[in-house]
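Each chain, written out:
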Amino acid sequence: MKVIVCNNSEEMSKVAAQIFADRIRKKPNIVLGLATGGTPVKMYKELIRMHKEEGLDFSKVVSFNLDEYLGISGNHHQSYRYFMDTNLFNHININKSNTHVLNGKAKDAAAECKTYEDAIKKAGGIDIQLLGIGGNGHIAFNEPGSPKDSRTRIVDLTKKTIEDNARFFVDVNEVPKQALSMGNGTIMEAKEIVLIADKTSKADALSKSIEGPVTEQVPASLLQAHKNTTFVIDTDAAVKLKKKYESPKATASKGGCCCK
Ligand code: PGA
């Protein structure tokens with residue numbers, strides 16, 4: 001597991017975008033795992049800039065998103081399908097039929113989850129998965145206690161997650177109480193994982209995930225057992241880490257990624 005500590009959220013976004021752009025250039029028909037939330041917004045803006053100014057080509061890219069609220073449709077302005085369309089897909093040359101987001105309005109939600117797992121397998125598995133992290137250490141909607149071998153399924157959201165996500169809704173009571181989410185086991189099968197985090201509100205979860213014991217109580221700590229995971233975080237999010245980690249400059253000099 002690698003940890004890169006960036007100076008700020010802007011640098012974190014550029015470093016993460018650079019990693020994804022590099023992988024897309026190397027494998028144009030790459031299968032991306034994508035995330036929603038406040039953290040990836042600037043990274044997606046940077047990918048859009050790279051598409052427009054540097055010709056980064058998404059025409060053969062396939063994507064699978066981590067999760068979706070249960071009970072709301074893809075047209076709902078707080079659905080994750082809507083988020084992905086407005087924050088990324090509408091601004092790049094990705095083929096929308098290659099973009100997969102779980103259907104929160106599926107008549108049979110359990111069947112929808114099973115179909116999603118099958119589609120990931122049929123696509124050859126996820127090459128690189130983007131993750132955010134919850135203040136409670138969750139990845140996707142795998143809340144503390146989610147089994148390490150869990151698959152895409154219906155999950156109950158914790159009070160903390162509902163409160164954290166209330167900022168996107170008019171009222172906390174509007175936040176769905178359940179979601180469809182890739183499982184920890186689904187995520188761990190990605191060939192490469194990049195977790196991004198900024199803000200001090202993530203510092204405690206990151207210190208437990210990176211320097212604490214591997215436990216299902218802190219789902220992101222499970223990533224310690226993954227062979228190719230990079231945490232790209234900023235100094236605010238790193239404030240509780242005890243060890244010293246690489247800066248983006250050090251990573252670039254080793255032929256890794258770089259920040260313009
Ligand atoms: P955020 O959410 O990017 O909005 O902070 C991340 C998460 O809960 O996984």
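Definitions and cut-offs
Residues numbered from 1 in each chain as written. Predicted model: local features only at pLDDT ≥ 70, side-chain atom pairs only at ≥ 80, totals over all residues. Heavy atoms only, no water. Helix = DSSP H or I, 4+ residues; strand = E, 2+ residues; numbered from the N terminus. Rg over C-alpha atoms; globule rule 2.2 N^0.38 Å. Buried < 20%, exposed > 50% of the residue type's maximum accessible area, 1.4 Å probe, protein only. Pairing = 2+ DSSP bridges. Axes fitted to C-alpha atoms, helices over the stretch in contact; angles between N-to-C directions. Near = heavy atom within 4 Å. Polar contact = N/O pair within 3.5 Å; in protein donor to acceptor, adjacent residues only side chain to side chain. Areas by Shrake-Rupley, 256 points an atom, 1.4 Å probe, with all protein chains shown as cover. 1 Å grid on protein atoms, 1.4 Å probe; cavity = no way out; pocket = protein on both sides within 12 Å on 5 of 7 lines; lining within 4 Å. Sits in = over half its atoms within 2 Å of the grid points. Nonpolar A, V, L, I, M, F, W, Y, C, P; charged D, E, K, R; others polar. Phe/Tyr/Trp six-rings, centres within 6.5 Å; stacked < 30°, edge-to-face > 60°. pLDDT = per-residue confidence, 0-100. Points joined across faces, edges and corners; volume = space filled by probe spheres on them. Core = buried A, V, L, I, M, F, W, Y, C linked by side-chain atoms within 4.5 Å.

1. Brief notes about the overall build of the chain
Counting secondary structure elements, the chain contains eight helices and 10 strands. Here the chain has a C-alpha radius of gyration of 17 Å; the compact-globule value for 260 residues is 18 Å, and the two agree. On the principal axes, the C-alpha backbone points of the chain span a range of 50 × 40 × 35 Å. Looking at the 260 residues of the chain, the share that counts as buried comes to 54%.

2. A closer look at the sheet that holds strand β3 (residues 62-65)
Taken in spatial order, the seven strands make up an open sheet running β1-β10-β9-β6-β2-β3-β5, and their pairing is parallel. For this open sheet the edge positions go to β1 (2-6) and β5 (99-100), each flanked by a neighbour on one side alone. Looking at chain direction, strand β2 (residues 31-34) and β3 are connected through four bridges and run parallel. Along β3, the bridge assignment pairs Val31 with Val62.

3. What about the sheet that holds strand β7 (residues 153-156)?
Taken in spatial order, the three strands make up an open sheet running β4-β8-β7, and their pairing is antiparallel. The open sheet terminates on both sides in strands that have one partner only, identified here as β4 (67-69) and β7. When the angles between neighbouring strand axes are averaged without regard to direction, this sheet yields 30 degrees. For β7 and strand β8 (residues 178-181), the ladder comprises four bridges, and the chain directions are antiparallel. Note on β8: the bridge partner recorded for Asp156 is Gln178.

4. Examining the site of the ligand
In the neighbourhood of the ligand, the contacting residues comprise Gly37, Gly38, Thr39, Gly132, Ile133, Gly134, His138, Arg167 and Lys202. Within the backbone of Gly38, an N or O atom sits 2.8 Å from an oxygen atom of the ligand. Relative to its free-state accessible area of 280 Å², the ligand is covered by the protein chains to the extent of 83%. When atom positions are compared with the pocket grids, the ligand is found to occupy the largest pocket. Looking at the shell around the ligand residue by residue, the class counts come to one nonpolar, six polar and two charged.

5. A look at unusual backbone geometry
At Ala140, a residue that is not glycine, the phi angle is positive and equals roughly 50 degrees. Counting through the fold element by element, Ala140 comes out in the loop between β6 (128-131) and β7. Phi is positive for Lys199, close to 75 degrees, though the residue is something other than glycine. Assignment of secondary structure puts Lys199 in the loop between β9 (192-197) and α7 (203-211). Take Lys199: its relative accessible area is 47%, and that puts it in the partly exposed class.

6. Focus on the packing of aromatic side chains
According to the stated counting rule, one finds five aromatic pairs in the structure shown. Both rings, one in Tyr69 and one in Phe141, keep their centres 5.7 Å apart while their planes meet at 40 degrees; by these two values the pair is tilted. Separated by 72 residues along the polypeptide, Tyr69 in strand β4 and Phe141 in the loop between β6 and β7 bring together distant segments of the chain. Each member of the pair Tyr69 and Phe141 is classed as buried. Where Tyr80 meets Phe141, the ring centres are 6.1 Å apart and the plane angle is 15 degrees; that geometry is what we call stacked. Taken together, the residues span a long stretch of sequence, with Tyr80 in helix α3 (residues 80-87) and Phe141 in the loop between β6 and β7 at a distance of 61 residues. Judged by relative accessible area, which is 10%, Tyr80 ranks as buried. Members of the aromatic cluster, connected to one another through ring pairs, are Tyr69, Tyr80, Phe141 and Phe169.

7. Some details on the confidence of the model for the chain
Residues at a pLDDT of 70 or more form 96% of the chain, whose mean pLDDT is 95. Here helix α8 (residues 248-253) stands out as the element of the chain with the lowest mean pLDDT, 69, in contrast to β2, whose mean of 99 is the highest.

8. Details of the layout of surface pockets
Estimated volume of the largest pocket: approximately 630 Å³. Contributions of two or more residues to the lining of the largest pocket are made by β4, α3 and α5 (159-165). Counting residues per element, the lining of the largest pocket draws most heavily on α3, which supplies five residues. Looking at side-chain class alone, the lining of the largest pocket contains 13 nonpolar, 15 polar and six charged residues.

9. A look at the nonpolar core
Within the largest apolar cluster, 66 residues are counted, with the highest numbers of intra-cluster contacts made by Phe20, Leu47, Leu88, Leu195, Leu206 and Ile233. The dominant element in this core, judged by the number of residues it contributes, is helix α1 (residues 9-26), at eight residues.

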